[in-house]
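Each chain is listed here by its residues.
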Amino acid sequence: ELKVEQNPLFLSMQEGKNYTIYCNYSTTSDRLYWYRQDPGKSLESLFVLLSNGAVKQEGRLMASLDTKARLSTLHITAAVHDLSATYFCAVDLNFGNEKLTFGTGTRLTIIP
Amino acid sequence: GAVVSQHPSWVICKSGTSVKIECRSLDFQATTMFWYRQFPKQSLMLMATSNEGSKATYEQGVEKDKFLINHASLTLSTLTVTSAHPEDSSFYICSARRTGRNQPQHFGDGTRLSIL
């Protein structure tokens, strides 16, 4: 059974600071996704990582994937209040079938 | 873009009622649609995978007679919660993907179901 764990579960940080969210998964997969969810809303796609060593950046967020370590990171640079949300990683359980297993989620609060 | 519309957004009904939720891909054909359930402050749990023209595949622990899924066309899948009870109250989210490899899932806005 595929398990996807995120750390930390909760994160409160001041504006302007940097931090990294970690996503570990238990079985081999070459595809990992990051999503953002605002309270009461559905998911917003942030990144799709399709290969070992993949790195993608959008604004203050940067995601990377290490398939050998079964680890993905979401790095936040110089956080701003608008980044407050819950972030989920998700792993493709059956390659090509897009059956996703979601991580536990990280609730991020940015304090002005 | 790839837009997935989910309806209704919020429904409140009495215990014992059956509730139907629709998931539509507005600008693309979706061979596969997925239904997720999310309890407050928890992650998304896949309930079932819906393939057009065939029976849905349910995840372990999900009652197929309780959660009826119909994927009658390439743009519409429905989830019917039959004889809903308070423990069925949750946030239900659908997603849809195009045919082919490496096609991402596109998520609907979700339906908040409250059973009194």
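Here is a short report on the structure shown in this document. Treat the numbers as computed from the prediction; the structure is a model and nothing was measured. (Residues numbered from 1 in each chain as written. Chains lettered and ligands numbered in written order. Predicted model: local features only at pLDDT ≥ 70, side-chain atom pairs only at ≥ 80, totals over all residues. Heavy atoms only, no water.)

Turning our attention to the side chain of A:Thr106. Residue and element names in this part refer to chain A. One can find Thr106 in strand β11 (residues 106–111). The exposure class of Thr106 is buried, given its relative accessible area of 0%. Polar contacts involving the side chain of Thr106 include one to the main-chain carbonyl oxygen of Pro8, which spans 2.6 Å. Among residues more than four places away in sequence, those in contact with Thr106 are Gln6, Asn7, Pro8, Leu9, Leu11, Ile21, Ala85, Thr86 and Tyr87. (Helix = DSSP H or I, 4+ residues; strand = E, 2+ residues; numbered from the N terminus. Buried < 20%, exposed > 50% of the residue type's maximum accessible area, 1.4 Å probe, protein only. Polar contact = N/O pair within 3.5 Å; in protein donor to acceptor, adjacent residues only side chain to side chain. Contact = heavy atoms within 4.5 Å.)

The next subject is the interface of chain B and chain A. Contact with chain B, which involves 22 residues of that partner, is made by 18 residues of chain A. Contact between chain B and chain A buries roughly 1600 Å² in total, counting both sides, with carbon and sulfur atoms accounting for 52%. Applying the counting criterion to the chain B and chain A interface returns one salt bridge. We note a salt bridge from A:Lys99 to B:Glu59, for which the minimum N-O separation is 2.9 Å. Taken together, the links from chain B to chain A amount to four residue pairs in polar contact (both at pLDDT 80 or more). At the level of elements, β4 (32–38), β5 (44–51) and β9 (90–97) of chain B are the ones that each hand at least two residues to the side of chain B that touches chain A. Residues that form the side of chain B that touches chain A fall into these classes: eight nonpolar, eight polar and six charged. (Buried area = accessible area lost by both parts, 1.4 Å probe. Salt bridge = Lys/Arg side-chain N within 4 Å of Asp/Glu carboxyl O. Nonpolar A, V, L, I, M, F, W, Y, C, P; charged D, E, K, R; others polar.)

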